Amino acid sequence: MSADLWLQLLKAALLGGGICLLGQLLFDLAKLTPAHTMSILVSAGALLGGLGLYDKLVAWAGFGAKLPISSFGNTLVQGALEAVEKEGFIGIFSGMLTAVSTGVAGAVIFGFLIALVFRPKA
């Protein structure tokens with residue numbers, strides 16, 4: 001494997017791991033619930049996306065910035081911004097939903113199918 005590939009893997013691991021570490025620290029040290037921690041990370045991704053900084057993180061770390069939950073916030077904002085340019089004010093709402101609908105639908109469908117196959121613990 002080339003040195004460029006190893007460098008890209010290192011960057012992805014550092015940024016993705018750093019985001020996950022931040023979430024774990026919020027969960028453990030700040031005693032936040034998983035929902036609060038997730039909301040903070042999604043909001044941080046949305047804020048960074050709105051400021052145009054999240055795309056720079058993606059350019060630097062690749063999938064290390066695309067995989068964590070903060071990328072969901074960035075995708076919401078990018079979808080809204082693109083739709084606002086095309087549709088105006090209503091694009092704020094329709095753009096967010098359009099941008100993430102495939103991922104959310106996939107999560108619901110696959111979650112349902114897994115629940116049919118395995119018995120959840122009560």
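This report concerns the structure included in the present document.

### Quick look at the overall build of the protein chain
Phase 1 of the analysis: Along its length, the protein chain carries six helices and zero strands.
Phase 2 of the analysis: With respect to the three principal axes, the spread of C-alpha positions in the protein chain is 45 × 40 × 35 Å.
Phase 3 of the analysis: Contacts spanning at least 24 positions in sequence make up 51% of the contacts within the protein chain whose residues lie at least 6 apart.
Phase 4 of the analysis: Total accessible area on the protein chain is roughly 8600 Å²; 75% of this is exposed by carbon and sulfur atoms.
Phase 5 of the analysis: Across the protein chain, 7 positive and 6 negative side-chain charges occur, with their mean positions spaced 13 Å apart.

### Structural notes on unusual backbone geometry
Backbone geometry follows two general trends: most residues other than glycine have a negative phi, and most peptide bonds adopt the trans configuration.
Phase 1 of the analysis: One non-glycine residue, K31, lies in positive phi territory at about 55 degrees.
Phase 2 of the analysis: Take K31: it is sitting in the loop between α1 (3-28) and α2 (34-50).
Phase 3 of the analysis: When its relative accessible area of 68% is taken as the criterion, K31 is described as exposed.

### Observations regarding the packing of helix α5 (residues 70-87) against helix α6 (residues 91-117)
A pair of packed helices can be characterised by two numbers: the angle between their axes and the separation between those axes.
Phase 1 of the analysis: Viewed as axis vectors pointing N to C, α5 and α6 meet at an angle of 135 degrees, and their least axial separation amounts to 6 Å. In this view, α5 runs oblique relative to α6, as classed from their interaxial angle. Judged by the sense of rotation from one axis to the other, the crossing of α5 with α6 is right-handed. Facing F72, T75, L76, G79, A80, A83, V84 and E87 of α5, the residues of α6 in contact are G91, I92, S94, G95, M96, A99, V100 and V104.
Phase 2 of the analysis: Among the residues forming the contact of α5 with α6, the class breakdown is 10 nonpolar, five polar and one charged.

### As for the side chain of N74
Phase 1 of the analysis: Residue placement: N74 occurs in helix α5.
Phase 2 of the analysis: Take N74: its relative accessible area is 7%, and that puts it in the buried class.
Phase 3 of the analysis: Setting aside chain neighbours within four positions, we find N74 in contact with G45, A46, G49, Y54 and D55.

### Regarding α6
Phase 1 of the analysis: Under the 1.5 Å per step criterion, the end-to-end length of α6 is 39 Å for 27 residues, consistent within 8% with the ideal 39 Å.
Phase 2 of the analysis: Of all the bends in α6, the greatest, near 50 degrees, is centred on S101.
Phase 3 of the analysis: Within α6 the residues assigned to the buried category are G91, G95, V100 and G106.

### Digging into the packing of α1 against helix α3 (residues 54-61)
Phase 1 of the analysis: Here α1 crosses α3 at 135 degrees, and the two axes come no closer than 8 Å. The orientation of α1 relative to α3 falls into the category oblique. In this structure, α1 contributes Q8, K11, A12, L15 and I19 to the contact, and α3 contributes Y54, L57, W60 and A61.
Phase 2 of the analysis: Across the contact of α1 with α3, the residue classes tally to seven nonpolar, one polar and one charged.

Cut-offs and rules
Residues numbered from 1 in each chain as written. Predicted model: local features only at pLDDT ≥ 70, side-chain atom pairs only at ≥ 80, totals over all residues. Heavy atoms only, no water. Helix = DSSP H or I, 4+ residues; strand = E, 2+ residues; numbered from the N terminus. Contact = heavy atoms within 4.5 Å. Areas by Shrake-Rupley, 256 points an atom, 1.4 Å probe, with all protein chains shown as cover. Lys, Arg positive; Asp, Glu negative; His and termini not counted. Charge placed at Lys NZ, Arg CZ, Asp CG, Glu CD. Buried < 20%, exposed > 50% of the residue type's maximum accessible area, 1.4 Å probe, protein only. Axes fitted to C-alpha atoms, helices over the stretch in contact; angles between N-to-C directions. Parallel < 35°, antiparallel > 145°, perpendicular 65-115°, else oblique. Left-handed = near helix turned anticlockwise from the far one by under 90°. Nonpolar A, V, L, I, M, F, W, Y, C, P; charged D, E, K, R; others polar. Expected span 1.5 Å × (residues − 1). Bend = angle between axes of the 7 residues up to and from the residue.

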